[in-house]
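Given next are the chains, with one letter for each unit.
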Amino acid sequence: MLRTPPDEALVAGRWRRGGGAATQTLDPATGAALATVHAVTPDEVSEAARAAARAAAEPQWYDLLPHQRARLLTRVATLIEDNAEHLAALQTADTGKALTETRALVASAAATFRYTAAALETAEEAITPSRGAYVTLSVHEPIGVVGAINPWNSPVASDAQKLAPALAAGNAVLLKPAEWTPLVSLALGRLITQALGELRLPTALLAVLPGSGRVVGDAIVRDPHVGRIAFTGGTETGRALARTAAEKLMPVSLELGGKSPTVVLADADIEQALAGVMFGVFSSSGQSCIAGSRLFVARALYDGFVGELVARVTKLRVGPGTRPDTQVAPLVHPAHRDKVAAYVDLARGEGARVLCGGAAPEGPEYADGAYYLPTVLDGLPNDARTCQEEIFGPVLVALPFDDEEDLVRQANDSVYGLACGIWTRDHRAAWRIARRVEAGTVWINTYKQFSASTPFGGMKASGLGREKGRDAIRAYQRQKSLYWGTATTPLPWAG
Ligand code: TXE
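Residues numbered from 1 in each chain as written. Predicted model: local features only at pLDDT ≥ 70, side-chain atom pairs only at ≥ 80, totals over all residues. Heavy atoms only, no water.

You'll find the protein entered in an unreviewed UniProt entry as Aldehyde dehydrogenase family protein, with Streptomyces viridiviolaceus given as the organism. Quoted verbatim from the Sequence similarities (unreviewed entry) field of the UniProt record, the comment on the protein reads "Belongs to the aldehyde dehydrogenase family." (UniProt positions renumbered as here; feature names shortened; annotations may be inferred.)

Structural data, given as structure tokens:
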């Protein structure tokens, strides 16, 4: 029996029912109601932000040395590991994702906390080369209060990617989960408050504030105590948020959408490429910013490769996330499934061939869930809307290319620049293409691998800034320079 967290938000260090509107979260596999969650109000956001600012300034937190703050992160990592099955089941119920995927996301959340603790303990400040009678140091200090705003697709992992470095940096954090999927963030918040309590740290260092983006998200961004925003979500939302942040001259990091090219060269290992292309776009039912949703195949291979791909895609197992053999689980919400279906209708209108999928699966086991069949389209030019806009569902569009120039031109002909996959045995071609494609991450003979130690983020309309890696902590700090005079003679104006 799945335990859902109580209907309580974490405001100013205390768990209590939010004073805003109630929403029902749904299990997208069945359409059944999972839990009721009350949103917080803008006044509660303000209360949480004030309390967070006080907590961030309290000596028992502010004065901790890095290795002491790291203890909080390692404790959270252990608590996540101890509760891994529960968190994975909760995320599967809330987002629909397959258990194999949510288990991996929970493991990655724990790894992020553990890695960030190690990075924190080993991060060094700089003594810069002196150019006079002084010693110069460059040091980093917390910002104070950070807002972390996340979407619905991978909450536990995207929460950890922001919370771990923001806390490591010495801040307090206001976390806003997405409207459709608040449960895992609320459960994670409980674990972090437990760790804060055990270490006798102020619980107001974390707030978990469910509610809509328009009301709660906006209140977080505008709050005068909030000095930095870390955002993952849609490009238009990110742009709007950056405009508000500009008024406050507040730094933002934006992890936004993508329409990532995945490229099969003529000499590719076909078996690997077929599996990699399918995994790259259809895992998470395509609801992944890094989904390899535009497939470019060398023209000589095109018909054979796409034909075999379609034969295999039709055999992918579609089912509830809880079934161990499910490969393509339901989408997050019926409304999102309808949006994806509308995109496929648009593709038909643009003249696409629907090679497989293009509909919800039939049968009583799918009737009440937000299912959509994995879909392969082709026959469209790269400037069609279907090839340019992020669909965020199990929809792949295939295009041929003639040569490397043609490939790079088409791959870069996109507002996005998040990721790219290259399948080839030619290491020189892989190198050339990897360096020429505008993408924050390039995978060569692999796809969707992720590591806590490797920076992640987008170019162009895919975002600003990087998450993960050693530098993630620094992105949540302010840099300060210190000059320490060593002269025994007075400055020129003395006397
Ligand atoms: O994202 P939103 P949505 C893409 C994907 C998807 C589309 C819309 O194409 O179909 O975006 O998804 C909060 N001020 N991606 O509607 O609206 C919101 O409450 C402050 C790509 O879910 O961007 C949620 O917590 N916050 C993506 C978060 O922002 C605001 C992942 C994201 O919501 C706000 C998800 C505001 N004015 C969707 N408005 C990826 N790159 O992984 C909304 N929010």
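That shown, we press on.
**Student:** Quick rundown of the state of the cysteines? Include the residues and the values.
**Tutor:** A full pass over the atoms with the stated rule returns zero disulfides. Cysteine 387 takes part in no disulfide bond, and the closest cysteine sulfur to it belongs to cysteine 420, at a distance of 16 Å. Free cysteine: cysteine 420, not disulfide-bonded; nearest cysteine sulfur from cysteine 289 at 15 Å. (Disulfide = S-S within 2.5 Å.)

**Student:** Residues and numbers for the packing of aromatic side chains, please.
**Tutor:** Scanning the model with the defined rule gives seven aromatic pairs in all. Aromatic side chains tryptophan 152 and phenylalanine 392 sit 5.2 Å apart centroid to centroid with 80° between the ring planes, which places their arrangement in the edge-to-face category. One end of the pair, tryptophan 152, is in the loop between β7 (145-149) and α6 (155-168); the other, phenylalanine 392, is in the loop between α13 (385-388) and β16 (395-401), and 240 residues separate them in sequence. The ring of tyrosine 476 has arginine 228 lying over it, and the distance from NZ or CZ to the ring centre is 4.1 Å. (Phe/Tyr/Trp six-rings, centres within 6.5 Å; stacked < 30°, edge-to-face > 60°. Helix = DSSP H or I, 4+ residues; strand = E, 2+ residues; numbered from the N terminus. Lys NZ or Arg CZ within 6 Å of the ring centre and 35° of its normal.)

**Student:** Give a detailed account of the nonpolar core, specifying residues and quantitative values.
**Tutor:** Judged by nonpolar contacts, the single largest core of 84 residues is most densely connected at Ile80, Phe113, Leu174, Leu209 and Ile229. Apart from residues no more than four positions distant in its own chain, isoleucine 229 is found in contact with Gly147, Ile220, Val221, Leu241, Met250, Pro251, Val252 and Ser253. If you look at the next biggest cluster of nonpolar residues, it comprises 35 residues, including Phe282, Val318, Tyr371 and Leu418. (Core = buried A, V, L, I, M, F, W, Y, C linked by side-chain atoms within 4.5 Å. Buried < 20%, exposed > 50% of the residue type's maximum accessible area, 1.4 Å probe, protein only. Contact = heavy atoms within 4.5 Å.)

**Student:** Quick one: what's the story with the pattern of salt bridges, residue by residue and with numbers?
**Tutor:** Summed over all chains, the structure comprises 26 salt bridges. A salt bridge links arginine 114 to glutamate 81; its shortest N-O distance comes to 2.7 Å. Of the two residues, arginine 114 is situated in helix α5 (residues 99-122) and glutamate 81 in helix α3 (residues 66-82); the sequence distance between them amounts to 33 residues. Measuring nitrogen to oxygen at the nearest pair gives 3.0 Å for the salt bridge that ties glutamate 467 to lysine 162. (Salt bridge = Lys/Arg side-chain N within 4 Å of Asp/Glu carboxyl O.)

**Student:** Explain the UniProt feature "active site" (unreviewed entry) in the protein to me, using residue names and the numbers behind them.
**Tutor:** As recorded in UniProt, the feature "active site" (unreviewed entry) lies at Glu255. Here glutamate 255 shows up in strand β11 (residues 252-255).

**Student:** Could you give me a rundown of the UniProt feature "domain: Aldehyde dehydrogenase" (unreviewed entry) in the protein, with the residues and numbers involved?
**Tutor:** Those residues carrying the UniProt feature "domain: Aldehyde dehydrogenase" (unreviewed entry) are residues 17-481 in this numbering. Helix makes up 41% of residues 17-481 and strand makes up 20%, while its end C-alpha atoms are separated by 44 Å.

**Student:** Could you give me a rundown of the sheet that holds strand β14 (residues 353-356), with the residues and numbers involved?
**Tutor:** Pairing is mixed across the open sheet formed by seven strands, whose spatial order is β14-β15-β16-β13-β12-β18-β19. Among the strands making up the open sheet, the edge pair consists of β14 and β19 (441-444). The average angle at which neighbouring strand axes cross in this sheet is 25°, direction not considered. Here five bridges tie strand β13 (residues 294-298) to β16, and the two strands are oriented parallel to one another. (Pairing = 2+ DSSP bridges. Axes fitted to C-alpha atoms, helices over the stretch in contact; angles between N-to-C directions.)

**Student:** Pulling in residues and values, what's your account of the pairing of strand β10 (residues 226-232)?
**Tutor:** Taking burial as the measure, the seven residues of β10 include six buried ones, the bulk of the element. By the bridge criterion, five bridges tie β7 to β10 in an arrangement that is parallel. Along β10, the bridge assignment pairs glycine 147 with isoleucine 229. Note: β10 against β11, four bridges, orientation parallel. Among the inter-strand pairings, isoleucine 229 is bridged to a residue of β11, identified as valine 252. Following the backbone out of β10, through helix α9 (residues 235-248) and into the adjacent parallel β11, one traces a crossover that is right-handed. (Right-handed = clockwise from strand over helix to strand, strands pointing away.)

**Student:** So what's going on with the site of the ligand? Which residues, and what values?
**Tutor:** Taken together, 26 residues form the shell around the ligand, and within it Asn150, Trp152, Thr237, Leu256 and Lys339 come nearest. Measuring from an oxygen atom of the ligand, one finds a side-chain N or O atom of lysine 176 at 2.9 Å. With respect to the ligand, the backbone of leucine 256 contributes an N or O atom lying 2.6 Å from a nitrogen atom. Listing elements by their share of the shell around the ligand, those giving two or more residues are α8 (213-222), β10, α9 and α12 (334-350). Per-element tally for the shell around the ligand: the top contributor is α8, with three residues. (Near = heavy atom within 4 Å. Polar contact = N/O pair within 3.5 Å; in protein donor to acceptor, adjacent residues only side chain to side chain.)

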